[in-house]
Amino acid sequence: MSNTNELYTTVSQMMQGGKGLLAADESDATAGKRLEIAGLPNQAGNRQDFREIMFTAPGIEEFLSGVILYDSTLRESTDKGVPFADVLAARGIVPGIKVDMGTKPLPNQPGDVYTQGLDNLDERMREYYNLGARFAKWRMVVTISENTPSDAALEVNATQLALYALICQQANIVPMVEPEVLFQGTHSIERAEEVTTRVLQILFATLKKYHVDLKGLILKSSFVLAGDQHPKQSTPEEVASATLRTFHLGVPREVGGIVFLSGGQTPKRSTENLQAIAAFGKQPWPITFSYSRALEEPVLLAWQGKMENITLAQKALLYRAKMNGLAQLGKYDAARDTDKK
Ligand code: 13P
């Protein structure tokens, strides 16, 4: 039986002012791409060291309210044998779990994909709860091109997200629904706005149809911005106004919170966009960050796989989390940010 009080408590723990989330939920394969930045091979020991450095960084609980883990990471422990989920929970950081299993091409819809992972999800969810996870993440992927996304793709992905969210809530796990509209492409910001609005409208109409409890749910969204190949890159003010217009048209007021992915933007640009959104003032939903690359890249660059750099790497995480915590409050000043990009 789902316990709505528990879901709402988890949402409020995750959506605290001045804090946000770290998405450390790369699959084992994707973690290899991160480790390359530190010059390390993709081995289980290196993945574990990388996560341990981040999860034990002194002071991060001041700026991080949650961390998203991957299946293998949720089962891992520190060198001293303390499960990562316990390390985080003891610091007041809510452990979460990515539960989707990636995407496959959607037949007869060239360029569109659908997400894998619903089979036995109820059983996996019970196990994840017992391992300490209190929220989960499922990602649908939207590519903007002349012919994508099709309505068929948006509908099938929304239906999958609805079923996933119901299964989460039944297990007392807060669903984070993530429709990622990819930033990679030649599209304009206007086209990104039109597509994201449509994605959100179809998604929330479907979530309502399936009676998902929107107060016990968090939306993980991309920023609305021009594609990385578009000649004119969007300013933070343009991003903020397009993104907020989209949310006001597509996201019901009762949704528990909205968090952003960084999507391949630089760490600084991701922070600037969040700051520009906060500068618009109070919104119907709490809004914060849930970055992977934009928080992890400075850590990997500082670490370089060397024992003697661990403290530096932990400071790099603390610093980036602090900058984003300030941006969540609308108090970030890019000119005083000492990270270069
Ligand atoms: P990025 O911040 O690197 O986009 O990752 C966040 C995420 O959770 C993507 O699914």
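Residues numbered from 1 in each chain as written. Predicted model: local features only at pLDDT ≥ 70, side-chain atom pairs only at ≥ 80, totals over all residues. Heavy atoms only, no water.

### Quick word on the overall build of the protein
What the protein contains, in helices and strands, is 12 helices and 10 strands. Over its C-alpha trace the protein gives a radius of gyration of 19 Å, about what one expects of a compact globule, namely 20 Å for 341 residues. The principal-axis extent of the C-alpha atoms belonging to the protein is close to 50 × 50 × 40 Å. For the protein, buried positions account for 57% of its 341 residues. Taking the contacts inside the protein whose residues are at least 6 apart along the sequence as the reference set, 79% of them involve residues at least 24 apart. Each charge class in the protein can be summarised by its mean position, and for the 36 positive and 39 negative side chains these summaries are 4 Å apart. (Helix = DSSP H or I, 4+ residues; strand = E, 2+ residues; numbered from the N terminus. Rg over C-alpha atoms; globule rule 2.2 N^0.38 Å. Buried < 20%, exposed > 50% of the residue type's maximum accessible area, 1.4 Å probe, protein only. Contact = heavy atoms within 4.5 Å. Lys, Arg positive; Asp, Glu negative; His and termini not counted. Charge placed at Lys NZ, Arg CZ, Asp CG, Glu CD.)

### A few points about the sheet that holds strand β2 (residues 64-69)
The eight strands lie next to each other as β1-β2-β3-β6-β7-β8-β9-β10, forming a closed barrel whose pairing is parallel. Along the sheet, successive strands turn relative to each other by an average axial angle of 25 degrees, direction set aside. Strand direction decides the pairing type here: strand β8 (residues 218-221) and strand β9 (residues 257-260), joined by four bridges, are parallel. Bridging from a neighbouring strand, Ser-221 pairs with Phe-260 of β9. Strands in contact with helix α9 (residues 236-250) are β8, β9 and β10 (287-291); relative to β9, the strand with the most contacts, it is inclined by about 145 degrees. Strand contacts of helix α12 (residues 310-328): β2 and β10, with the helix running at about 155 degrees to β10, the strand carrying the most contacts. (Pairing = 2+ DSSP bridges. Axes fitted to C-alpha atoms, helices over the stretch in contact; angles between N-to-C directions.)

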